[in-house]
Amino acid sequence: MRYILPYIRKYPLSCCCLAAIWVLCLAPIPETPLSHIRFIDKWTHIALYLCTCGVIWTEYLRWHPLKNQPTTFSWKKILRWGWLAPIIMSGLIELAQAYCTGGRRSGEWLDFLANSTGATLMLGVGTLWVWFRARE
């Protein structure tokens with residue numbers, strides 16, 4: 001626990017977003033008035049991962065500024081934790097939905113693809129964000 005606590009203190013919003021994703025993805029979802037909209041589930045997955053990865057990027061850039069010397073910003077770390085880790089987590093959630101929810105939820109490849117799309121969109125936005133901030 002002592003190894004995790006510094007990350008929770010440093011990245012509290014990211015941890016809350018990740019925990020919320022786990023809860024939302026494993027809880028049974030009731031019918032809503034928006035259920036009739038085509039691909040609403042996929043759009044929700046894209047938005048969820050776009051926003052979550054955006055929070056991760058924001059908190060990372062808060063603690064690892066681009067302008068201070070020596071710079072602590074690392075492309076390897078932001079790619080690993082702000083893009084790849086959410087995609088891997090997405091795959092684990094889809095597997096958990098398929099095998100651990102007793103049929104209340106189903107894991108789908110298209111959900112995984114939508115999650116990956118949201119994370120990849122944030123990778124593009126984040127890369128532009130870093131590029132513009134570095135030029136200031």
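Refer to the preceding data block for the structure.
What counts, and where the lines are drawn
- Along each chain, residue indices are assigned from 1 in the same order as the chain's sequence is written.
- Confidence filtering applies because this is a predicted model: local features only for residues at pLDDT of at least 70, side-chain atom pairs given and counted only at 80 or more, and all residues used for totals across whole chains, interfaces and linings.
- Side-chain numbers here rest on the full set of heavy atoms in the structure, without hydrogens or water.
- Here, patches come from residues exposed beyond 30% relative accessible area and free of salt bridges, joined within 9 Å for like charges and within 5 Å for nonpolar side chains (Val, Leu, Ile, Met, Phe, Trp, Tyr).
- Residue-level accessible areas treat just the shown protein chains as cover; the underlying method is Shrake-Rupley with a 1.4 Å probe.
- Here, a salt bridge means any Lys or Arg side-chain nitrogen found within 4 Å of an Asp or Glu carboxyl oxygen.
- Numbering of helices and strands runs from the N terminus; a helix is a DSSP stretch of H or I covering at least four residues, while a strand is a stretch of E covering at least two.
- To get an axis, fit a line to the C-alpha atoms, keeping to the stretch in contact for a helix; angles then go from 0 to 180 degrees between the N-to-C directions.
- Should an angle fall under 35 degrees it is taken as roughly parallel, and over 145 as roughly antiparallel, whereas 65 to 115 is taken as roughly perpendicular and any remaining angle as oblique.
- Left-handed is the label given to a crossing in which the near helix is rotated counterclockwise from the far helix by less than a right angle, and right-handed is the label when the rotation is clockwise.
- Here, two residues are considered to be in contact whenever any of their heavy atoms come within 4.5 Å of each other.
- Classification used: nonpolar for Ala, Val, Leu, Ile, Met, Phe, Trp, Tyr, Cys and Pro, charged for Asp, Glu, Lys and Arg, polar for all others including Gly.
- Categorising residues by exposure relies on relative accessible area from a 1.4 Å probe, with only protein chains included: less than 20% of the type maximum marks a residue as buried, more than 50% marks it as exposed, and the intermediate range marks it as partly exposed.

Now, about a nonpolar patch on the surface: what can you tell me, with residues and values included?
A grouping of Trp22, Leu84, Ile88, Leu92, Leu95 and Tyr99 is seen on the molecular surface, where their side chains present a nonpolar patch of about 620 Å² in accessible area. Tallying contributions element by element places helix H4 (residues 75-100) first for the nonpolar patch, with five residues. Within the secondary structure, Leu95 sits in helix H4.

Describe in detail the packing of helix H3 (residues 40-63) against H4, supporting the description with residues and values.
Running from N to C, H3 and H4 point in directions that differ by 150 degrees, and their axes come no closer than 10 Å. It follows from the interaxial angle that H3 and H4 lie roughly antiparallel. Relative to H4, the crossing made by H3 is right-handed. Of H4, the residues touching H3 (which contributes His45, Tyr49, Cys53, Ile56, Trp57 and Tyr60) are Trp75, Lys77, Ile78, Trp81, Gly82, Pro86, Met89, Ser90, Ile93 and Glu94. When grouped by side-chain class, the residues that make up the contact of H3 with H4 number eleven nonpolar, three polar and two charged.

So what's going on with the environment of Leu13? Which residues, and what values?
For Leu13, the location among the structural elements is in helix H2 (residues 12-26). With a relative accessible area of 53%, Leu13 lands in the exposed category. Other than its neighbours up to four places away in sequence, Leu13 contacts Val55 and Glu59.

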